[in-house]
Amino acid sequence: MFRPTYPIRTARLTLRPFTMDDLDDVYAYQRRPGVVRWMLGAEARTREQSRASVLAMAGEDALRAEGDCLALAAVGDAGVIGTVELVWRSQLDRTAEIGFVFNPDHGGRGLATEAASALVDWGFTEFGLHRIYGRCHGRNAASARLMTRLGMRREAHHVASYLFAGEWADQLVFAILDHEWQRRTRTSPW
């Protein structure tokens with residue numbers, strides 16, 4: 001089992017496992033259509049759906065087996081402002097996928113980048129990953145920019161590759177390798 005030493009602290013945030021006490025903060029962003037707009041099959045959630053989401057995320061505090069998700073609450077001065085997650089995609093290839101969802105009320109200050117960067121760093125330095133990738137809808141410019149800020153390169157643009165809200169959609173794939181991350185962190189504030 002692989003579990004970070006909690007909490008993971010950055011300059012302005014604390015990353016930690018979710019608890020049911022986080023429900024109000026999580027519901028504050030999960031109920032917003034603009035937040036879930038790019039998530040496959042997601043619609044703005046009811047409070048009960050957010051309760052189920054928080055309960056599920058509270059159990060995702062470690063990577064026990066390939067396919068597991070590590071979901072962490074990004075906590076700032078205003079409480080939980082978002083979620084960062086790492087899904088263990090391949091033990092053999094030492095690969096994981098990063099994901100993130102943030103409350104737009106806290107946008108524009110680099111907090112999502114700071115939180116995602118801390119989780120990527122844990123993935124490479126503590127978990128021993130070789131490659132971390134992320135995917136987003138081809139029109140999700142905010143997610144594409146965040147992955148670029150993390151130093152991830154755009155590896156693919158899959159044209160009309162999946163059904164999204166009843167229409168064929170493009171998907172962008174970004175990735176970074178461990179040695180690229182190590183080189184980048186020697187020169188970056190994140």
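Below is a summary of the structure that appears in this document.

About the cut-offs
Residues numbered from 1 in each chain as written. Predicted model: local features only at pLDDT ≥ 70, side-chain atom pairs only at ≥ 80, totals over all residues. Heavy atoms only, no water. Helix = DSSP H or I, 4+ residues; strand = E, 2+ residues; numbered from the N terminus. Buried < 20%, exposed > 50% of the residue type's maximum accessible area, 1.4 Å probe, protein only. 1 Å grid on protein atoms, 1.4 Å probe; cavity = no way out; pocket = protein on both sides within 12 Å on 5 of 7 lines; lining within 4 Å. Points joined across faces, edges and corners; volume = space filled by probe spheres on them. Nonpolar A, V, L, I, M, F, W, Y, C, P; charged D, E, K, R; others polar. Expected span 1.5 Å × (residues − 1). Phe/Tyr/Trp six-rings, centres within 6.5 Å; stacked < 30°, edge-to-face > 60°.

So, the environment of L119
Stage number 1. Checked against the element boundaries, L119 lands in helix 4 (residues 111–125).
Stage number 2. For L119, a relative accessible area of 0% translates into the label buried.
Stage number 3. Between the C-alpha atoms of L119 and A71, which are 48 residues apart in sequence, the distance is 9.9 Å.

Thoughts on the layout of surface pockets
Stage number 1. As a volume, the largest pocket reaches approximately 1400 Å³.
Stage number 2. The wall of the largest pocket is formed by 47 residues, among which M39, F100, V101, N140 and S143 lie closest to the centre.
Stage number 3. Elements supplying a minimum of two residues to the lining of the largest pocket: helix 1 (23–30), helix 2 (33–36), helix 3 (47–58), strand 4 (79–90), strand 5 (95–102), helix 4, strand 6 (131–137) and helix 5 (141–149).
Stage number 4. Of the residues assigned to the lining of the largest pocket, the class counts are 22 nonpolar, 16 polar and 9 charged.

Re helix 4
Stage number 1. Along its 15 residues, helix 4 runs 21 Å from first to last C-alpha, staying within 8% of the 21 Å computed at 1.5 Å per residue.
Stage number 2. For helix 4, the tally of buried residues reaches 13 of 15 residues, placing the bulk of the element in the interior.

With respect to the environment of G108
Stage number 1. For G108, the location among the structural elements is in the loop between strand 5 and helix 4.
Stage number 2. Here the alpha-carbon distance between G108 and V75, two residues 33 residues apart in the chain, equals 16 Å.

Let's talk about unusual backbone geometry
Stage number 1. Cis peptide bonds are those with omega within 30 degrees of zero, and the linkage from Y6 to P7 qualifies with -5°.
Stage number 2. Within the fold, P7 resides in the segment before strand 1 (8–9).
Stage number 3. One non-glycine residue with positive phi stands out, namely A160, at about 45°.
Stage number 4. As for its placement among the helices and strands, A160 is situated in strand 7 (residues 153–164).
Stage number 5. The partly exposed category is assigned to A160, whose relative accessible area is 37%.

What about the packing of aromatic side chains?
Stage number 1. Per the stated rule, a full pass over the model turns up 7 aromatic pairs.
Stage number 2. Centre to centre, the rings of F124 and W181 are 6.3 Å apart; their planes meet at 35°, and the pair counts as tilted. Of this pair, F124 sits in helix 4 while W181 is found in helix 6 (residues 178–185), placing the two residues 57 residues apart along the sequence.
Stage number 3. Here F124 falls in the buried class, since its relative accessible area comes to 6%.
Stage number 4. Seen in terms of ring centroids, Y162 and F164 are 6.1 Å apart; in terms of plane orientation they differ by 70°. Their pairing is edge-to-face.

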